[in-house]
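Secondary and tertiary structure notes
Residue-level listing of the chains:
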Amino acid sequence: MPKAAKTEIELLRTWTLSAAATLGSFVRAKGILQEIQARLPATSKKSVVLEGSDLTLAMPVSEKAAFTASVAVINKVMAEVETLPVIPREIQDILTIKTSERHRWLADGRLPSAGTRTVRLNGRARRITFHVFDPKVVEDLLDRGAVDEWREQDAEAKAEKRREAAYKAKLTRSLKKAQKVSKKPARDPEDPAVTLRGWEDFDMDGLLR
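Here's what I pulled together on the structure shown here.

What counts as what
For every chain, the first residue of the written sequence is number 1, and numbering continues from 1 along that sequence. Local features in this predicted model are restricted to residues whose pLDDT is 70 or higher, and side-chain atom pairs enter the listing and the counts only when it is 80 or higher, whereas totals over whole chains, interfaces and linings include all residues. Side-chain numbers here rest on the full set of heavy atoms in the structure, without hydrogens or water. Only C-alpha atoms enter the line fits that serve as axes; for helices the fit covers just the stretch in contact. Angles between N-to-C directions range over 0 to 180 degrees. Helix and strand labels come from DSSP, where a helix needs a run of H or I of at least four residues and a strand needs a run of E of at least two; each type is numbered from the N terminus. Here roughly perpendicular refers to angles of 65 to 115 degrees, roughly parallel to angles under 35, roughly antiparallel to angles over 145, and oblique to all remaining angles. Whether a crossing is left-handed or right-handed is set by the direction in which the near helix is turned from the far one by less than a right angle, anticlockwise for left-handed and clockwise for right-handed. The contact criterion used is simple: two residues touch if any of their non-hydrogen atoms lie within 4.5 Å. Classification used: nonpolar for Ala, Val, Leu, Ile, Met, Phe, Trp, Tyr, Cys and Pro, charged for Asp, Glu, Lys and Arg, polar for all others including Gly. Here a patch means residues that are over 30% exposed by relative accessible area and free of salt bridges, tied together within 9 Å if like-charged and within 5 Å if nonpolar (Val, Leu, Ile, Met, Phe, Trp, Tyr). To be clear on the numbers: accessible area is Shrake-Rupley with a 1.4 Å probe, and residue cover counts the displayed protein chains and nothing else. Any carboxyl oxygen of Asp or Glu within 4 Å of a side-chain nitrogen of Lys or Arg constitutes a salt bridge here. In this tally, Lys and Arg are treated as positive and Asp and Glu as negative; His is ignored, and so are the chain termini. For this purpose, a charge sits on NZ of Lys, CZ of Arg, CG of Asp or CD of Glu. Two strands pair under a simple rule: DSSP has to find at least two bridges between them.

Concerning the packing of helix α2 (residues 26-39) against helix α4 (residues 88-95)
- At a minimum axis distance of 8 Å, the contact between α2 and α4 shows a crossing angle of 155°. The orientation of α2 relative to α4 falls into the category roughly antiparallel. Seen along the crossing, α2 lies across α4 with a hand that is left-handed. Counted together, Phe26, Val27, Arg28, Gly31 and Gln34 of α2 and Arg89, Glu90, Asp93 and Ile94 of α4 form the full contact between these two elements.
- Taken together, the residues of the contact of α2 with α4 sort by class into 3 nonpolar, 2 polar and 4 charged.

Below, the structure written as structure tokens:
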């Protein structure tokens, strides 16, 4: 016998993430999905999925109450989605930067923090705290190409440090050389070899030995 056709109608609702929300990053879009899932009941988390820039909520018609509650939660997130803080992995994808660059620019103040967030890792008791970033600030950095400028500044600073290191090394070698010369024994003024002309020649030829 053929399989029975699925007759239960699904409840469907779709939301489209704007470019201002994702900042052109799929990692950011996935982060928004995870934010929504974190606010939904455990039984509803897997009912919402991300396809491209579209979020889709699908549930059996028998779960209308849960569907309505989930829609309310997602609507609330979507209302504030463009202001959700940008987390580390998202800003690295948006600006195309490395973890080391994020740490360096955060430490020297070029990459302003919007505060910190503490979360518990899945299945673990340990919590981690990390900096988050204002999406408007991130968008501005992206638009004006700040990352390229910062990399040029870092390259110039690195070259300057190399020049300073080379100069210090050269100066150190010169000082050591001068110290070696100064340590050579000087002729005693009372030594006849100092006062007699030609003494060095006799001494070199071994005529006085």
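Concerning a negative patch on the surface
- The grouping of Asp148, Glu149, Glu152 and Glu156 at the surface amounts to a negative patch.
- Take Glu156: it is sitting in helix α7 (residues 146-182).

Some details on the sheet that holds strand β3 (residues 54-60)
- Sheet architecture is open: 3 strands sit in the order β1-β3-β2, paired in antiparallel fashion. Strands at the two margins of the open sheet, each flanked by one partner only, are β1 (10-16) and β2 (48-51). Ignoring strand direction, the axes of neighbouring strands in this sheet form an average angle of 25°.
- Bridge count between β1 and β3: 7 bridges; the pairing is antiparallel. If you follow Thr14 over to β3, its bridge partner there is Thr56.
- The strands touched by α2 are β2 and β3; relative to β2, the strand with the most contacts, the crossing angle is about 175°.
- Each of β1, β2 and β3 is contacted by helix α3 (residues 64-80), which is oriented at about 5° to β1, the strand it contacts most.

That's the geometry; what it means functionally is another story.
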